[in-house]
Number of protein chains: 4
Amino acid sequence: MSKIKVGILGASGYTGGELLRLLYKHPKVEITTVTSRKNDGEDVSVLHPHLESLDLKFSNPNSKDVDADVVFCAVPHGVSMKVVPDYLDQGMKVVDLSGDFRFKNIKTYEKWYGMEHIHPELEAVFGLPEINRELIKDANLIANPGCFPTGAILSSLPLVENDLVERIILDSKTGISGAGVKPSDKTHYPTCTDNVKPYALTNHRHTPEIREQIGNFGELDVKVSFTPHLVPVIRGIYTTNHSILVKDDVSEDDIYSLYCEYYKDEPFVQVLKDNKIPLLASVRGSNYCHIGGISKDDTDQLIVISAIDNLVKGASGQAIQNMNIMCGFDETDGLKELGLYP
Amino acid sequence: MSKIKVGILGASGYTGGELLRLLYKHPKVEITTVTSRKNDGEDVSVLHPHLESLDLKFSNPNSKDVDADVVFCAVPHGVSMKVVPDYLDQGMKVVDLSGDFRFKNIKTYEKWYGMEHIHPELEAVFGLPEINRELIKDANLIANPGCFPTGAILSSLPLVENDLVERIILDSKTGISGAGVKPSDKTHYPTCTDNVKPYALTNHRHTPEIREQIGNFGELDVKVSFTPHLVPVIRGIYTTNHSILVKDDVSEDDIYSLYCEYYKDEPFVQVLKDNKIPLLASVRGSNYCHIGGISKDDTDQLIVISAIDNLVKGASGQAIQNMNIMCGFDETDGLKELGLYP
Amino acid sequence: MSKIKVGILGASGYTGGELLRLLYKHPKVEITTVTSRKNDGEDVSVLHPHLESLDLKFSNPNSKDVDADVVFCAVPHGVSMKVVPDYLDQGMKVVDLSGDFRFKNIKTYEKWYGMEHIHPELEAVFGLPEINRELIKDANLIANPGCFPTGAILSSLPLVENDLVERIILDSKTGISGAGVKPSDKTHYPTCTDNVKPYALTNHRHTPEIREQIGNFGELDVKVSFTPHLVPVIRGIYTTNHSILVKDDVSEDDIYSLYCEYYKDEPFVQVLKDNKIPLLASVRGSNYCHIGGISKDDTDQLIVISAIDNLVKGASGQAIQNMNIMCGFDETDGLKELGLYP
Amino acid sequence: MSKIKVGILGASGYTGGELLRLLYKHPKVEITTVTSRKNDGEDVSVLHPHLESLDLKFSNPNSKDVDADVVFCAVPHGVSMKVVPDYLDQGMKVVDLSGDFRFKNIKTYEKWYGMEHIHPELEAVFGLPEINRELIKDANLIANPGCFPTGAILSSLPLVENDLVERIILDSKTGISGAGVKPSDKTHYPTCTDNVKPYALTNHRHTPEIREQIGNFGELDVKVSFTPHLVPVIRGIYTTNHSILVKDDVSEDDIYSLYCEYYKDEPFVQVLKDNKIPLLASVRGSNYCHIGGISKDDTDQLIVISAIDNLVKGASGQAIQNMNIMCGFDETDGLKELGLYP
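Note that the coordinates shown come from a computational prediction; the quantities given were computed from them, not determined experimentally.

Rules behind the numbers
Residues numbered from 1 in each chain as written. Chains lettered and ligands numbered in written order. Predicted model: local features only at pLDDT ≥ 70, side-chain atom pairs only at ≥ 80, totals over all residues. Heavy atoms only, no water. Helix = DSSP H or I, 4+ residues; strand = E, 2+ residues; numbered from the N terminus. Rg over C-alpha atoms; globule rule 2.2 N^0.38 Å. Buried < 20%, exposed > 50% of the residue type's maximum accessible area, 1.4 Å probe, protein only. Contact = heavy atoms within 4.5 Å. Pairing = 2+ DSSP bridges. Core = buried A, V, L, I, M, F, W, Y, C linked by side-chain atoms within 4.5 Å. Disulfide = S-S within 2.5 Å. Least-squares fit on C-alpha atoms with pLDDT ≥ 70 in both. Axes fitted to C-alpha atoms, helices over the stretch in contact; angles between N-to-C directions. Parallel < 35°, antiparallel > 145°, perpendicular 65-115°, else oblique. Nonpolar A, V, L, I, M, F, W, Y, C, P; charged D, E, K, R; others polar. Buried area = accessible area lost by both parts, 1.4 Å probe. Salt bridge = Lys/Arg side-chain N within 4 Å of Asp/Glu carboxyl O. Polar contact = N/O pair within 3.5 Å; in protein donor to acceptor, adjacent residues only side chain to side chain. Left-handed = near helix turned anticlockwise from the far one by under 90°.

A. Molecular detail of the overall build of chain A. Regarding its fold elements, chain A presents nine helices and 13 strands. Relative to its length of 342 residues, chain A is compact, with a C-alpha radius of gyration of 20 Å against a globular reference of 20 Å. Its C-alpha atoms give chain A principal-axis dimensions of about 60 × 45 × 45 Å. Taking all 342 residues of chain A together, the buried fraction comes to 66%. Across chain A, contacts joining residues at least 24 apart in sequence account for 70% of those joining residues at least 6 apart.

B. The sheet that holds strand β5 (residues 125-126) of chain A, seen in detail. Residues and elements named next belong to chain A. In space, the six strands of this open sheet follow the order β2-β1-β3-β4-β6-β5, with parallel pairing throughout. The sheet terminates laterally at β2 (29-34) and β5, the two strands that pair on one side only. Strand direction decides the pairing type here: strand β3 (residues 70-73) and strand β4 (residues 93-96), joined by four bridges, are parallel. Residue pairing across strands places Phe72 opposite Val95, the latter belonging to β4.

C. Spotlight on unusual backbone geometry. In this model, B:Tyr341 is joined to B:Pro342 through a cis peptide bond whose omega is 0°. Positioned with a positive phi, D:Asp163 is a non-glycine residue whose angle comes to about 50°. Relative to the elements of secondary structure, D:Asp163 occurs in the loop between α5 (147-161) and β7 (165-174).

D. The arrangement of the nonpolar core in detail. Membership of the largest hydrophobic core comes to 184 residues, with the highest contact counts inside it found for A:Phe72, B:Phe72, C:Phe72 and D:Phe72. With residues up to four places along the chain from it excluded, the contact list for A:Phe72 reads A:Val6, A:Gly7, A:Ile8, A:Leu9, A:Leu19, A:Leu23, A:Val95, A:Leu97, A:Ala319, A:Ile320 and A:Met323.

E. The arrangement of the state of the cysteines in detail. Tallying each qualifying case throughout the model produces zero disulfides over all chains. Between B:Cys260, a cysteine without a disulfide, and B:Cys289, which holds the nearest cysteine sulfur, the sulfur-to-sulfur distance is 13 Å. As a non-bridged cysteine, C:Cys327 has C:Cys73 as the owner of its nearest cysteine sulfur, 16 Å distant.

F. Representation of the relation of the copies chain D and chain B within the structure. Rotating chain D by 180° about the axis while translating it 0.0 Å along that axis superimposes it on chain B, leaving an RMSD of 0.0 Å. Here the symmetry operator amounts to a two-fold rotation axis. Here 100% of the contact residues of chain D are again contact residues in chain B; the copies associate through an equivalent surface.

G. Geometry of the sheet that holds strand β10 (residues 237-245) of chain D. Residue and element names in this part refer to chain D. Taking strand neighbours across the sheet as the criterion, the seven strands line up as β8-β9-β7-β10-β13-β12-β11 in an open arrangement whose pairing is mixed. Looking at which strands have only one partner, the edges of the open sheet turn out to be β8 (197-198) and β11 (269-271). Two elements, β7 and β10, share nine bridges in a ladder whose sense is antiparallel. Pairing of Ile168 across the sheet is with Ser243, part of β10. In this fold helix α7 (residues 206-214) packs onto β7 and β9 (223-230), with an angle of close to 140° to the strand it touches most, β9.

H. Region of interest: the packing of helix α5 (residues 147-161) of chain A against helix α8 (residues 252-262) of chain A. Residue and element names in this part refer to chain A. Where α5 meets α8, the closest approach of the two axes is 10 Å, and the angle between their N-to-C directions is 110°. As the angle between them shows, α5 and α8 are arranged roughly perpendicular. From α5, Leu154, Ser155, Ser156, Leu157, Pro158, Leu159 and Glu161 reach across to α8, where they touch Ile255, Leu258, Tyr259 and Tyr262. Here the residues of the contact of α5 with α8 are counted per class, giving eight nonpolar, two polar and one charged.

I. Region of the structure containing the interface of chain D and chain B. Counting residues at the interface gives 35 residues for chain D, matched by 35 residues for chain B. Carbon and sulfur atoms make up 60% of the surface buried where chain D meets chain B, a total of about 3,200 Å² over both sides. Joining chain D to chain B, the criterion identifies four salt bridges. The partner of B:Lys273 in a salt bridge is D:Asp43, and the shortest N-O contact between them spans 3.1 Å. Inspection of the chain D/chain B interface yields 14 residue pairs in polar contact (both at pLDDT 80 or more). Per-element tally for the side of chain D that touches chain B: the top contributor is helix α1 (residues 14-23) of chain D, with three residues. When its residues are assigned to classes, the side of chain D that touches chain B shows 15 nonpolar, nine polar and 11 charged.

J. Structural detail: the pattern of salt bridges. Summed over all chains, the structure comprises 84 salt bridges over all chains. Put simply, A:Glu331 and A:Arg133 hold a salt bridge, and the shortest N to O gap is 2.9 Å. Placement of A:Glu331 in the segment after α9 (312-327) and of A:Arg133 in helix α4 (residues 129-137) is noted, with a sequence separation of 198 residues between them. Between B:Arg133 and B:Glu266 there is a salt bridge, and its shortest N-O distance comes to 2.7 Å. In this pair, B:Arg133 sits in helix α4 (residues 129-137) while B:Glu266 sits in the loop between α8 (252-262) and β11 (269-271), placing the two residues 133 residues apart along the sequence.

K. Broad picture of the packing of α5(A) against helix α7 (residues 206-214) of chain A. Residues and elements named next belong to chain A. Their axes nearest at 9 Å, the elements α5 and α7 cross at an angle of 30°. Regarding the angle of α5 to α7, the classification is roughly parallel. Read as a crossing pair, α5 and α7 show a hand that is right-handed. Residues Cys147, Phe148, Pro149, Ala152, Ile153, Ser156 and Val160 of α5 pack against His206, Glu209, Ile210, Gln213 and Ile214 of α7. Residues of the contact of α5 with α7, tallied by class, amount to eight nonpolar, three polar and one charged.

The following block contains the structure:
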């Protein structure tokens, strides 16, 4: 079988590096283009030292000169909506990793991202396969979900679809790589390590994205709060989902069974055997979402925990999963790696 | 002025080491006894390498041979209740760092600690100066609060005393030193670092301690949940207090002002200027509790954050603060160190 | 092509977990046996939480009941020499990860490991493919090299084979996983993180192993010193090789070219483009050895740096590389993973 | 006794913050001026969150308006030589923390720092009290030593003064705070943690500073090499001193005794009891230099280890020690803090 051709736009960051690490071994993919404006002509190993053995260079081509069947767009939001249409127009499939196409309600996007959307007419499928697998199959444009939303939504779906909860408080702990490749005060080692620092306590951009999906675009009546914390971890998003049950006639075991059933056919969501508590480190480098630790206390507070690698299931791995579905490949192609533990 | 004599019982652990580090510079204290059964006769620097310059040895005396005005008891719960009475009988003041004397309701103790209390008749004062300063002045036996309860209670008091909230969900992140000096799977570096792992999701022993104090022993009608997470940090307890407001007619600013007013005379509780978000690292090694980041979202969820060093304000520093109050010293004697940052 | 059958003896530790992580995807291998005395009957994910998706259980079979073509022996030294002969006698090929069969000079083994060797007659090939590839092809018993020796020897070979240096001082920095899965004071998070601690300053067991190989069993006249340091890193061995040149008529560029030439056909040793300084994190999780940073100062001190993952090229990955060579597979089968960075 | 007035120039960085943390408790010091051009008018806690309880603001005065007896100059090299003369001219004593005044040989400075020295006529005393205590007493301008040189020189003095070694190879491991408060690729958490990365392998600016002092300005015939490595630690410099002995008739015990004798009256250099191996974490936050682990192997390689906190004994603490000596205070005033461990 011949391989499809793949391009990666904006490959100088962590999601770009991660796409390269994973796609390089994908059995059905040939990487034809790896773009970076700033690093045009340089070996990819200059920015991605783990890719020393690949013989690839960054380029900075005109969109017309990109030879690809599928394009991964890893440029910043705001830039993405400008470049994506060029590739769609040429008949390529696009997986966009920015926030530009994630919202059904464009006004929500414009409010939270502080800019006008120049292509509100473009319809993208929100690329969470656990919700939208069928739609993804036929899509040309995938809005790859945010890292926090991926973990948050997967921890919540069985609860909201069964009307079990009235309120969900998502307390997330994230690795520092989520802040990207560019150094800043936020990512400075001496004040990042041996520390905990939350940010955007009640106003993170991923909040409306989570709410659209969890609330099924306003259909479901559940209050959703979300707070992210930086913890001294490289990769990963650990979400402690504190939900308030509507009524107390449901047991921990019932809910655990519900999750097992809900995700039983999912290749990348694992409800842990014996309801073990997930460890962030167990999913390091892998595309798995681990769910477990389902517990209820005597105040009708329910805890559900999800753990993902923010750069894999929370970004590049999920993007490849979406490509696999769009292209009719096995959904796990190129994504079979287990977590790197310890 | 002559110095008081102080003994430390069970000084081989982290709270023992921390008492030594801090008391060694206390202007009104002379350390006369440092006990350890296992390390009898050894230099304290064998276990506490930062104390190389102190000329102190562990001993293992009979309680009758301890020459002290105040005794800090840093032995495990269960052991503490056996040894404390001997020192009280000799007229010494005791600050107990275990859980043995923290509960008004002995049945609660016996249920959560899984053992019979052999001295239910002993009355201790719960040593949180911000609640019980006057009682501490006259006390002979102080039950030094648990590390999680200290941060949790201080984050909650202004809310519950003003009947502002109906439910408090405490999502705490703790440094690994809280697990003590003894190696275990829980504290093994390769699986502890670059990881997040909660434990005792809905059944940690500190839950009833927090509930007794926050609920004022049943008088207040507020639901309290508590979940601790190990994060790769040496010291510190970071508590994200997610509260549900009773009504929504109170603003963030109102609540921030309320906290400022409530703690304005407290030497060790700092409501941060401009409502800054606390950093765990800012209180490293100090007796301060930082409070800030007070935020409300559109679902009546209120966030308040507190940060302490679990070994100082959460244990040994608070124990010394209690001693200072009991002995009529300046409350900040020996505790003036600022955080070690970065 | 049918797959070979593989057994892993003593799979409860980190090298066992790593063999499973890597072999599970090996195209020519079927894992038939995973032994652990203590965990007989348990799911492997109980000890190796990243292996949740594998459906494998530990067993504790008699050697006669192990159905395998190749056996990886990951039990402790001393135990290994007792069990290995049983498998050889049954005609299986064995890769032993302990120190038991690494020494040509049995007296050296007995002195440094403090025990009598009960099978001095068994001849093993020292499994460093970069030295012994041809011998490995025909071997039945491979002594997989120690983690420190792997990085140390690879950093030294071109120098000693060209008689360039009179003295080699190896200052190695190792991740904590090298201490194994069992918790100890040495691996206790609170005193392991934010710290540097060397050990066995001049008397580590890997010293004689390094000396046998670097000195070609006494043929070469070069003084070799080795000192390991624990640094707060999970995986990896970073070796700063400080060598004293015999004469000063050789330039940095000459030596860099020498290394490039020496390793140009090696699939897993990469002399970095442009003589870049290796990063430990670049080889995380991969079987690569990165070499670079070759520099000379005005005192004829030469620096060469090597970086490996102690659990992969320093243990389980190299073991699989040896198996591939012994079995006539492509040497890189199952080992194509790039480093996980960041 | 009245307090002296102290100013800190360029207090926005880590050494500035550390001077404030330590001086705030100094019994004989009043802080009158804390300058920062960029942060003029701001509360110091905006940059130094651990100083929340201090009531100090940054200012940006003309040198004539600084009211101080002693000035600490924590501005970058190059800037320092421009501003220091103004303060000396006003009769103030100056402790300069930059490299500008550390070299006896101005040509060495100009070569390694790449700029012309505009005040070569100014004579400073190299502020390592263990060498120059008597000269410091009468000095007006102190060149506070570099962080690496402090640990390196203290590890070497007894060896070179007794003509025991012909070559010293200093392999240093440093915490990331040494790179300063400004974020950069070098200090970016995701690639800094779980990593080891050396830099300036044979050409670090501290090399000539170390050589001037260890070689006693050319009088002693010893070859000195120095290589720094960044390890994932906040603070500290750990120096593994690999020396080659001139002859082999000296034992480990002899050398250990020599070190004990050499430093026996030093308040801040501790040769560890029983020749224990120093831990970097033991000196965290303190002004101590720990020395130990003295070991010799069978190739006449001698190991001596020193550990300091780069921001305290390696910078701000040593600066205060110098001030104490210059002002006739007790040398340990304000510096009695023990290490923060764990």
